Amino acid sequence: MTLHDDSPKRPRAALPLAWLGLLPFVAFALLFLILPTMHIVVGAFQTADGAPTLQNIRNLFQPSILAAYWISIRISFATALLGCTIGFAIAAAICFGGIPKAIRGPVLTFSGVASNFAGVPLSFAFLATLGRVGLVTVLLREWFGVNIYALGFNLLSFWGLTLVYLFFQIPLMILIITPALDGMKREWREAADILGATGGQYWRMVALPILLPSLLGTFALLFANAFGAVATAYALTGSSLSIVPIVLFAQIRGDVLQDPHLGYALAFGMIVVTGIANGLYVWLRARTERWTR
Amino acid sequence: MKTRIWSWIALAIGFLYFALPLIGTIEFSLRKRRGEYSLDAYRWVFEDPRFRETFTYSVVMAICTILVGVLIVVPTAYWVRLRFPRLRPVVEFITLLPLVIPPIVIVFGYIRLYNTASLLPLTGSATGTNFLLMMGYATLSLPYMYRAVDTGLRAIDVRTLTEAAQSLGAGWPVIIGRVILPNVLVAVLSGAFLTFAIVIGEFVLAALLNRPAFGPYLQLIGANRAYEPAALAVIAFAITWFCMGLIQLVSRFSAQGRAKRS
């Protein structure tokens, strides 16, 4: 700022004062967002004494941690894929599926509620429904004689967790993709019809190519959303299912890895994964905006 | 019509998937008394002093978070639009960072950066930790708050309003408090209700900073009781629903107001 004081064109007092207006935000962002994150990132590349090292990152490649990352990535991938598919089907149904208009509003409102209904209460809801004495489990047993737990279903497993995560993934997909679907111009469909395209051809050759960046972008966002979620899984499984956020949670609580800097590396790995996913989202979103304008 | 059938099938599957856990939870929450439905689980919850303590704590934290968020976000969004339009992408990028960096990583950073041995030992005292938790919540809600306010600002002519106020002799506090804020109030409110919903159910930050908030209480009850967790889930869902309903109400109210004015 002292450099600018020499510039004759600007009035002397105006410049620092204008920058002063950004000071609260900059201070807030630095103290409570950027510095804490930087501390973790830098710590991932330091030894306990503060010397630079790559050993922490190398230590991530031990079987138990790799397994945690792998199961986290698989769950995030499965919930993002299923969330995108089912959410897209529902969004398409309310946008141009010949469904009465009156249904659209409530579906979107409910999506707003459900996408925010994550965390501890969500796990309670599913335990009460599909737990060992949950409503659906009991009804299936009493009405149809099907014991889903005897068939190998378990809420505290990969598929169980996926099923629970979908409760906030599907609504998020509906909320994000509906504006993109609304941006699809009626004329495109009409033009395709006039040229003799079938419904399937229209979707395959016109609609999906236009929507593809949107779909992939939302997929990336949903992936990151699932990857960072801790509370739901923690309340559901305690620490029995070793997904990355839960390992990190246990590490922060009690240093289970016997090495604080390995915790930094673990957190750094999470930032890398969600960072890549979000970067993809931003990049793909920029590509769709020219269509939906 | 083939599309219509497929649409109804998609909706029906969605409806089943979302309705069953809700029905299951409500049914389960009523099952505490053997052989008949009762509200015993709810009675237990409301009579539990820890419920009241933790819930009050989270409500107070939510209100403080909203105040801090508004104080930081509204002037910043306004100032960036007025004086630093070129910085908008940068500020927007920073406000979106909490969606990229998982909350657990942010709070891990807090614990390491502000521990008792550090320059700013916030975690050393209850007040300091409360402050840290509040700032953490403000960080989590930053993306939603900033986007809401920025969208609200887009609808008004910031420059003209400012110049008009200035030529009438208003200072900065008056301009922001009495000219800009009322104009973006609807946007601020919808951001505020979302923040409220986020803070009430938040678990990770409060648990790792060891504060007696509602989220960790929920988890504790979930680990130790049978039917009460379901009752709590119903209550939590009602609160979320209530907040989202308020957002809808507020935005509908503003849409009508705008239509009348034009």
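Quick caveat: nothing in here was measured; it's all calculated off a predicted structure.

K.L.:
Help me get a handle on the overall build of chain B, residues and values and all.
P.N.:
Of regular secondary structure, chain B possesses twelve helices and zero strands. Of the regular secondary structure in chain B, the N- to C-terminal order runs α-α-α-α-α-α-α-α-α-α-α-α. Its C-alpha atoms give chain B principal-axis dimensions of about 75 × 70 × 35 Å. For chain B, with 262 residues in total, the buried portion stands at 51%.

K.L.:
Give a detailed account of the interface of chain B and chain A, specifying residues and quantitative values.
P.N.:
Of the residues lining the interface, 70 residues belong to chain B; the matching set on chain A comes to 70 residues. Summing both sides of the interface, chain B and chain A together bury roughly 6200 Å²; the carbon and sulfur share of this comes to 82%. When the buried surface of chain B facing chain A is broken down by residue, Y17, F18 and F108 of chain B rank first, second and third, together holding 11% of it. Applying the counting criterion to the chain B and chain A interface returns zero salt bridges.

K.L.:
I'd like to hear about the packing of aromatic side chains, residue by residue, with values.
P.N.:
In total, this model carries 38 aromatic pairs over all chains according to the counting rule given. Each member of the aromatic cluster is reached from another via a ring pair, and the members are F110, F126 and F167 of chain A together with Y17, F18, F237 and W241 of chain B. Geometry around F158 of chain A places R74 of chain A over its ring, the cationic atom sitting 4.9 Å from the centre.

K.L.:
So what's going on with the pattern of salt bridges? Which residues, and what values?
P.N.:
Pairs can form between side chains of opposite charge whenever their charged atoms are close. All names here are of chain B. Here the structure, examined in full by the defined rule, presents eleven salt bridges over all chains. Of the charged contacts in the structure, one is a salt bridge between E36 and R33, with a shortest N-O distance of 3.7 Å. Here D40 ties to R43 by a salt bridge, and the two come within 3.0 Å at their closest N and O atoms. With D40 and R43 both in helix α2 (residues 40-47), this residue pair falls three residues apart, about one helical turn. Classification of R43 as partly exposed rests on a relative accessible area of 44%. One salt-bridge network, held together by shared partners, links R33, E36, D40 and R43.

K.L.:
I'd like a description of the side chain of T37 of chain A, backed by residues and values.
P.N.:
Examined against the element boundaries, T37 of chain A turns out to sit in helix α2 (residues 23-43). Leave out the neighbours within four places in its chain, and T37 of chain A touches I271 of chain A together with I101 of chain B.

K.L.:
Could you give me a rundown of the environment of S38 of chain B, with the residues and numbers involved?
P.N.:
Residues and elements named next belong to chain B. Of note, S38 is situated in the loop between α1 (2-29) and α2. The contact partners of S38, leaving out residues within four places of it in the chain, are S29, L30 and R33. A polar contact is formed between the side chain of S38 and the backbone nitrogen of D40, at a distance of 3.3 Å.

K.L.:
Quick one: what's the story with the packing of helix α3 (residues 49-83) of chain B against helix α9 (residues 185-201) of chain B, residue by residue and with numbers?
P.N.:
Residue and element names in this part refer to chain B. At a minimum axis distance of 9 Å, the contact between α3 and α9 shows a crossing angle of 140°. Considering the relative orientation of α3 and α9, their crossing is right-handed. Here α3 contributes F55, S58, V59, M61, A62, T65, I66, V70 and V74 to the contact with α9, which in turn contributes V188, A192, T195, F196, V199 and I200. In terms of residue class, the contact of α3 with α9 is built from twelve nonpolar, three polar and no charged.

K.L.:
Please give an account of the packing of helix α8 (residues 158-182) of chain A against helix α10 (residues 199-228) of chain A that cites residues and values.
P.N.:
Residue and element names in this part refer to chain A. α10 packs onto α8 with a crossing angle of 150° between their chain directions and a minimal axis gap of 10 Å. Here α8 lies roughly antiparallel to α10, going by the angle between them. The chirality of how α8 crosses α10 is right-handed. Contacts between α8 and α10 involve Y165, F168, Q169, L172, M173, I176, I177, A180 and L181 from the former and L211, S214, L215, T218, L221, L222, N225 and A226 from the latter. Looking at the contact of α8 with α10, its residues break down into 13 nonpolar, four polar and no charged.

K.L.:
Any chance you could break down the side chain of T129 of chain B for me, citing the residues and the numbers?
P.N.:
As for its placement among the helices and strands, T129 of chain B is situated in helix α6 (residues 126-154). Given a relative accessible area of 5%, T129 of chain B falls into the buried group.

K.L.:
Could you give an account of the nonpolar core, naming the residues involved and the relevant values?
P.N.:
Judged by nonpolar contacts, the single largest core of 183 residues is most densely connected at F167 of chain A together with I104 of chain B. In terms of residues, this core owes the most to one element, α3 of chain B, which gives 15 residues. Discounting chain neighbours no more than four positions away, the residues touching I104 of chain B are V230, P245, L248, F249, I252 and M270 of chain A together with V204 and L208 of chain B.

K.L.:
Please set out the environment of W8 of chain B residue by residue, giving values where relevant.
P.N.:
Here W8 of chain B shows up in helix α1. Residue W8 of chain B is classed as partly exposed on the basis of its relative accessible area of 39%. Linking W8 of chain B and R52 of chain B, residues 44 residues apart in sequence, is a C-alpha distance of 43 Å. Not counting the four nearest positions on each side in its chain, W8 of chain B is found in contact with I99, P100 and I103 of chain A.

K.L.:
Can you lay out unusual backbone geometry for me, pointing to particular residues and giving the numbers?
P.N.:
All names here are of chain B. Its identity as a non-glycine residue notwithstanding, N210 has a phi of 60°, on the positive side. Tracing the sequence through the fold places N210 in the loop between α10 (204-208) and α11 (214-224). When its relative accessible area of 60% is taken as the criterion, N210 is described as exposed.

K.L.:
How would you sum up the confidence of the model for chain A? Please name residues and give values.
P.N.:
Residues and elements named next belong to chain A. In the predicted model, chain A carries a mean pLDDT of 83, and 91% of its residues have values of at least 70. When pLDDT is averaged over each helix and strand of chain A, the minimum, 69, is found for helix α1 (residues 14-20) and the maximum, 92, for α2. Contacts for the low-pLDDT stretch residues 1-12, under 50 throughout, to residues beyond four places or in other chains number five contacts.

K.L.:
Describe the confidence of the model for chain B, and please don't skip the residues or the numbers.
P.N.:
All names here are of chain B. Looking at chain B, the pLDDT average stands at 86 and 96% of residues meet or exceed 70. When pLDDT is averaged over each element of chain B, α3 comes out on top at 92 and helix α12 (residues 228-261) at the bottom at 78. With a pTM of 0.85, the predicted complex shows an ipTM of 0.84.

Criteria and cut-off values
Residues numbered from 1 in each chain as written. Chains lettered and ligands numbered in written order. Predicted model: local features only at pLDDT ≥ 70, side-chain atom pairs only at ≥ 80, totals over all residues. Heavy atoms only, no water. Helix = DSSP H or I, 4+ residues; strand = E, 2+ residues; numbered from the N terminus. Buried < 20%, exposed > 50% of the residue type's maximum accessible area, 1.4 Å probe, protein only. Contact = heavy atoms within 4.5 Å. Buried area = accessible area lost by both parts, 1.4 Å probe. Salt bridge = Lys/Arg side-chain N within 4 Å of Asp/Glu carboxyl O. Phe/Tyr/Trp six-rings, centres within 6.5 Å; stacked < 30°, edge-to-face > 60°. Lys NZ or Arg CZ within 6 Å of the ring centre and 35° of its normal. Polar contact = N/O pair within 3.5 Å; in protein donor to acceptor, adjacent residues only side chain to side chain. Axes fitted to C-alpha atoms, helices over the stretch in contact; angles between N-to-C directions. Left-handed = near helix turned anticlockwise from the far one by under 90°. Nonpolar A, V, L, I, M, F, W, Y, C, P; charged D, E, K, R; others polar. Parallel < 35°, antiparallel > 145°, perpendicular 65-115°, else oblique. Core = buried A, V, L, I, M, F, W, Y, C linked by side-chain atoms within 4.5 Å. pLDDT = per-residue confidence, 0-100.

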